[in-house]
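Secondary and tertiary structure notes
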Amino acid sequence: MASIFDLIVIATAVVVILFVAGLLCLRLLDYQADKQLIQKLIAQHPPHPGHFDPVMLQGLPEAAKRFFQFSITPGTPLYTVANIAMTGQFSLGNSKRPDYLNMKALQTLAFPGGFVWQMQARRQLLRISGSDSVSWTRFWLQELLPVARAGASLDHRRSAFGRYVAEAVFWTPAAVLPGPGVKWAHLSEHSARLTVTHLGLEQIVDLTVADNGQPVHVSFMRWSNANPQHRYTLQPFGGYLSDFREFGGFRLPAHVEAGNHFGTDVFFAFFIADINSISWPQQSNAPAG
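A brief structural summary. (Residues numbered from 1 in each chain as written. Predicted model: local features only at pLDDT ≥ 70, side-chain atom pairs only at ≥ 80, totals over all residues. Heavy atoms only, no water.)

With that settled, consider the overall build of the protein chain. Each helix and strand counted, the protein chain has three helices and 13 strands in total. Of all 289 residues assigned to the protein chain, the portion counted as buried reaches 45%. Summarising the internal contacts of the protein chain: among those between residues at least 6 apart in sequence, 52% fall at separations of at least 24. Summed over all atoms, the accessible surface of the protein chain reaches about 14800 Å², with 59% contributed by carbon and sulfur. Once the 22 positive and 19 negative side-chain charges of the protein chain are each reduced to a mean point, those two points are 5 Å apart. (Helix = DSSP H or I, 4+ residues; strand = E, 2+ residues; numbered from the N terminus. Buried < 20%, exposed > 50% of the residue type's maximum accessible area, 1.4 Å probe, protein only. Contact = heavy atoms within 4.5 Å. Areas by Shrake-Rupley, 256 points an atom, 1.4 Å probe, with all protein chains shown as cover. Lys, Arg positive; Asp, Glu negative; His and termini not counted. Charge placed at Lys NZ, Arg CZ, Asp CG, Glu CD.)

Shown next as C-alpha cells:
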C-alpha cells in the first residue's frame, strides 16, 4: 500500500506533466497562429499587381521620386508582400550593457495588412524564440517558458503599425507608391515624408536619401513604452540602411540597424539585421510570360 509520501510524489509528478503538456499545447497554438496569419497576409496581395512605370511618380517630391527610381527597376511586378530571411543580433539590454543575442528570423511583411516576424535568438545556453505581429508579441525561453505575451490592445496595434509602415518603405517599396491612404510630401532636397492612414491609424515616416535616391535612414515617432517609465508615448525611432542588393527587380538594403530614440544621444540599435534573402510569394501564383 502506497504511503502518503508516495501519493504526494505521484500527484506532484502528474501536476508537473500536465503543466508541461499545457505549455507545449500553447506553444503549438502559437505556431499555428503564425502560420494562419502568414497565409492570410499573403492572400491579401492583388492577383494582378501590374508593373512599375516611372510615370507613376509624377507629382511626387523629388527625394521620393529618386527613391522609387533607385529602388524599383521599370517593368518590375509591383509585389507588396515579401518573405524576408535574416540573421544578425538582437538586444534585450541597453547601450551601456547591450547583451546582444545571435538572431535568425523569418518575416512576412504585407503592407498595409501587417506582418509576422518569427525569431530565434541565443547566447551560450540562453535561447529565446517566438513571434511578433500586429496582433501579438509572444516569446518563449528555452522553447518552454513564456516570458512575454502581449497584444490585443490599441497600444500594441499602434506601435506595430509604426514598425511595419517604416519597414515597408525600404523592404517593399512598391507597397508605398502613392495611392489611397498613402501620401508623400516634400521635406528637403534629400528627404521626403510619408503619411499612411489605415483602419483608423495614421503613421508619418521620414525618409532620407542620397543624391542617387539610395535610402540612408528612416525615422519616425513611434508609439512605444520602451522608456524608464514603461509608459506608452510617442518617441523617436529609426534605422540606418546599407549594403543594397538586387532582389527580383528591387534594390533593397541588406543591412539594417534600428532602435529607439533615433537621432538622440541615447539612441541604441537593439536590432541589427543582415538579409539573407527576400522573395515574393506572389510569384508562385503569377502567370508565366
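We now examine helix α2 (residues 62-71). The element α2 is largely enclosed, with a buried count of eight among its 10 residues. Of all the residues in α2, the buried ones are Ala63, Ala64, Lys65, Arg66, Phe67, Phe68, Phe70 and Ser71.

Of the voids in this model, the largest pocket is the one considered here, and its volume is about 1400 Å³. For the largest pocket, the lining is made up of 48 residues, of which Phe90, Arg222, Ala226, Asn260 and Phe270 are closest to its centre. For the lining of the largest pocket, the leading source of residues is helix α3 (residues 154-171), giving eight residues. Split by residue class, the lining of the largest pocket holds 26 nonpolar, 16 polar and six charged. In this structure, the second largest pocket spans a volume of roughly 350 Å³. Lining of the second largest pocket is provided by 19 residues; of these, Pro46, Thr80, Phe111, Ala174 and Ala175 occupy positions nearest its centre. (1 Å grid on protein atoms, 1.4 Å probe; cavity = no way out; pocket = protein on both sides within 12 Å on 5 of 7 lines; lining within 4 Å. Points joined across faces, edges and corners; volume = space filled by probe spheres on them. Nonpolar A, V, L, I, M, F, W, Y, C, P; charged D, E, K, R; others polar.)

Moving on, we get to the nonpolar core. Core analysis: the biggest nonpolar cluster contains 67 residues, and Met86, Trp117, Trp171, Trp184 and Phe271 have the highest contact counts within it. Per-element accounting of this core gives the leading share, nine residues, to α3. Not counting the four nearest positions on each side in its chain, Phe271 is found in contact with Met86, Gln89, Phe90, Met103, Trp117, Val256, Glu257 and Ala258. Counting residues in each nonpolar core, the second largest holds eight residues, with Ile38, Leu41, Val81 and Trp136 among its members. (Core = buried A, V, L, I, M, F, W, Y, C linked by side-chain atoms within 4.5 Å.)

With an omega of 0°, the peptide bond between Phe111 and Pro112 qualifies as cis. Examined against the element boundaries, Pro112 turns out to sit in the loop between β2 (100-110) and β3 (114-123). The phi angle at Gln124 is positive, at roughly 55°, despite the residue not being glycine. Mapping Gln124 onto the fold places it in the loop between β3 and β4 (126-133). In this structure, Asp243 takes a positive phi of about 55° despite not being glycine. Residue position: Asp243 is located in strand β11 (residues 233-247).

Our focus in this paragraph is the pairing of β11. Along a regular strand, successive side chains alternate from one face of the sheet to the other. Note: strand β10 (residues 215-224) against β11, eight bridges, orientation antiparallel. The partner of His217 across the bridge, within β11, is Tyr240. Of the pairings in the sheet, the one linking β11 to strand β12 (residues 250-260) comprises 10 bridges and is antiparallel in character. Looking across to β12, one finds that Arg245 is bridged to Leu252. Two successive antiparallel strands, β11 and β12, enclose a turn made up of two residues, where Gly248 displays a positive phi of approximately 60°. (Pairing = 2+ DSSP bridges.)

Taking 1.5 Å per residue as the helical rise, α3 with its 18 residues ought to reach 26 Å, and the 25 Å between its terminal C-alpha atoms agrees with that figure. Across the 18 residues that make up α3, a large majority, 14, are buried. (Expected span 1.5 Å × (residues − 1).)

Turning our attention to the packing of aromatic side chains. A full pass over the atoms with the stated rule returns 21 aromatic pairs. With 5.9 Å between their ring centres and 40° between their planes, Tyr100 and Phe268 make a pair best called tilted. In this pair, Tyr100 sits in strand β2 while Phe268 sits in strand β13 (residues 268-279), placing the two residues 168 residues apart along the sequence. Taking the relative accessible area as the measure of exposure, Tyr100 reaches 24% and is therefore partly exposed. Here the aromatic residues Phe90, Trp117, Phe139, Phe220, Phe237, Phe270 and Phe271 are joined through ring pairs into a cluster of three or more. Sitting above the plane of the Trp117 ring, Arg163 keeps its charged end 5.1 Å from the centroid. (Phe/Tyr/Trp six-rings, centres within 6.5 Å; stacked < 30°, edge-to-face > 60°. Lys NZ or Arg CZ within 6 Å of the ring centre and 35° of its normal.)

Turning next to the side chain of Ser159. Structurally, Ser159 can be placed in helix α3. Judged by relative accessible area, Ser159 falls into the buried class, the value being 10%. What Ser159 contacts, discounting residues up to four positions off in sequence, is Arg222, Trp223 and Tyr232.

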